[in-house]
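Each chain is listed here by its residues.
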Amino acid sequence: MTSVESSPTSAPSSYKPKPHRKKFPWRTIVMHGIIIFFCLIVLVPLAWVLLTSVKSLRDAYTGTLWPEQFDFTHYSYVFQKMPSVLHNFSNSIIVTLSTVLVTTIIAILGGYALAHLRLPGAAIVGLILIATLFFPTRLVSIIGVYQLERELGLVNTLPGIILPYISLSLAFSIIIMRGIFLQVSPEMVDAARVDGASSWRTLVQIMLPLAANGIVVVAIVNFVAAWGEFLYAYTLLSDRYMFTFPVVLATTFGGFGEWAFPRVAAMYIMAIIPGILAFAIFQRWYMKGLQEGALKF
C-alpha cells in the first residue's frame, strides 16, 4: 500500500493560532483613577478632622498628622462644658425632622394629585414647579421672607426657619413624588376606583406601599438640605441658643481654651454623623427610588 502524501498547502497537525494580544485597559485605569482621586478629595479632609478630634491638646498644635496620644474626651467636653452646643444640636434635630416630616407629607399628596387625579390645570402646575427650580429662590426671597416673618413675630424662633425650609424644598420634592407615582400603572388606580375605593384609600393602601422607595429619596434629600442649611438660619436667628448646628460651626473660630481645635473638630464630626448614618441605613431604598424614576419630570 502506498501512503498518501500530504498536500504542501495543508497545515501541520501541530499548528496553533497565535494568541490574541489583549489591549492594555487604559480607559478602565483612567476611569478608576479619576474616581479614586475625587474620593480622596472627600475622604482626606474628613480623615484629617477625625484625627484632629482625637488628638491631645499638646499634639493638636504640633502640626503632626498622626497623634502621639489619643484623647477621646473632647466629645464629652463639648456637651458637658459647652451647654450652648447641646441646645444648638437639639435645635438642628427639631428643625430637620420637622422639615422632613411636613415636606414629605405634602410632597406625597401633591405628587399623587398631579400624577393620578383628574385636575384642571395639572400640567400647568407641574410646569410652574419645574420652572421654579431654575431660579435662585434661596437668594432672591431671603429679604421678603425676613420682612414677612418680622411682621408675624417669627424671627429668632424655630418655626420661623422650619417654614422657609419647607417652602424651599417643596417644589423639588413634589416633582420627585410625581415621577414615582407616574411609574404606577393608571389601570391599577382605575381598578381601585371601580371597586369603590376613595382617593384617600387608594393613596394609603395601594400607592404608598408601591412608592416607599421614592418616599425615602424625598426624606433623605430634605434631611441633607435642612441639616446643612446655613443662610436662612444665620439670617433669621440672632440668639446663640437658638442657632442651629451649622451656624455655630460656621461662626466658630478654633484657637485655645474652650474653642481649642480638637474640640471644634469633634463638633464637625458630630455634625456629619447623622447624615452618614441616615444614608447608610436607607441607601438601599434610596438607590432603588432613583432607579424607579424619582428624577423623572
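Higher on the page you've got the structure.
Notes on the structure follow. This is a predicted model, so every value here is computed, not measured.

The next point concerns the side chain of Thr103. With respect to the secondary-structure elements, Thr103 resides in helix 4 (residues 83–116). Reaching out from Thr103, the side chain makes a polar contact with the backbone oxygen of Thr99 at a distance of 2.6 Å. Non-local contacts of Thr103, meaning those with residues more than four positions away in its chain, are made with Ile166, Ser169, Leu170, Ser173 and Asn222.

Let us now look at the packing of aromatic side chains. A complete count under the given rule lists eight aromatic pairs for this structure. With centroids separated by 5.9 Å and ring planes inclined at 75°, the aromatic side chains of Tyr112 and Phe181 adopt a geometry described as edge-to-face. Separated by 69 residues along the polypeptide, Tyr112 in helix 4 and Phe181 in helix 8 (residues 158–182) bring together distant segments of the chain. There is no split in this pair, since Tyr112 and Phe181 are both buried. Their ring planes at 20° and their centres at 5.2 Å tell us that Phe230 and Tyr234 sit as a pair that is stacked. Classification of Tyr234 as partly exposed rests on a relative accessible area of 43%. A network of ring pairs unites the aromatic residues Phe89, Phe223, Trp227 and Phe245 as a single cluster.

Before going further, it helps to spend a moment on the environment of Ala47. For Ala47, the position within the fold is in helix 1 (residues 26–53). Of the residues examined, Ala47 reaches a relative accessible area of 40% and is grouped as partly exposed. Distance from Ala47 to Leu65, taken between C-alpha atoms, is 9.8 Å for residues 18 residues apart in sequence.

Our focus in this paragraph is the packing of helix 4 against helix 10 (residues 199–210). Following both chains from N to C, one finds helix 4 and helix 10 inclined at 100°, their axes separated by 12 Å at the closest point. Relative to helix 10, the element helix 4 is oriented roughly perpendicular. Where helix 4 abuts helix 10, its residues Ile108, Leu109, Tyr112 and His116 lie against Ser199, Trp200, Thr202, Leu203, Met207 and Leu208. Here the residues of the contact of helix 4 with helix 10 sort into seven nonpolar, three polar and no charged.

All right, on to the environment of Leu50 then. Within the fold, Leu50 resides in helix 1. Note: C-alpha distance between Leu50 and Pro262 (212 residues apart in sequence) is 9.0 Å. Setting aside residues no more than four positions away along its own chain, Leu50 makes contact with Tyr75 and Ile269.

So, about the nonpolar core. One finds Val78, Val85, Ile161, Tyr165, Phe245, Trp259 and Met267 to be the most contacted residues of the largest nonpolar core, which totals 32 residues. For this core, the secondary-structure elements that each account for two or more residues are helix 4, helix 7 (142–152), helix 8, helix 11 (212–227), helix 12 (231–236), helix 13 (245–250) and helix 14 (261–291). The element best represented in this core is helix 14, accounting for six residues. Core analysis: the second largest hydrophobic core is formed by 26 residues, Ile180, Val184, Ala211 and Ile220 among them.

Scoring rules and cut-offs
- Residues numbered from 1 in each chain as written.
- Predicted model: local features only at pLDDT ≥ 70, side-chain atom pairs only at ≥ 80, totals over all residues.
- Heavy atoms only, no water.
- Helix = DSSP H or I, 4+ residues; strand = E, 2+ residues; numbered from the N terminus.
- Polar contact = N/O pair within 3.5 Å; in protein donor to acceptor, adjacent residues only side chain to side chain.
- Contact = heavy atoms within 4.5 Å.
- Phe/Tyr/Trp six-rings, centres within 6.5 Å; stacked < 30°, edge-to-face > 60°.
- Buried < 20%, exposed > 50% of the residue type's maximum accessible area, 1.4 Å probe, protein only.
- Axes fitted to C-alpha atoms, helices over the stretch in contact; angles between N-to-C directions.
- Parallel < 35°, antiparallel > 145°, perpendicular 65-115°, else oblique.
- Nonpolar A, V, L, I, M, F, W, Y, C, P; charged D, E, K, R; others polar.
- Core = buried A, V, L, I, M, F, W, Y, C linked by side-chain atoms within 4.5 Å.

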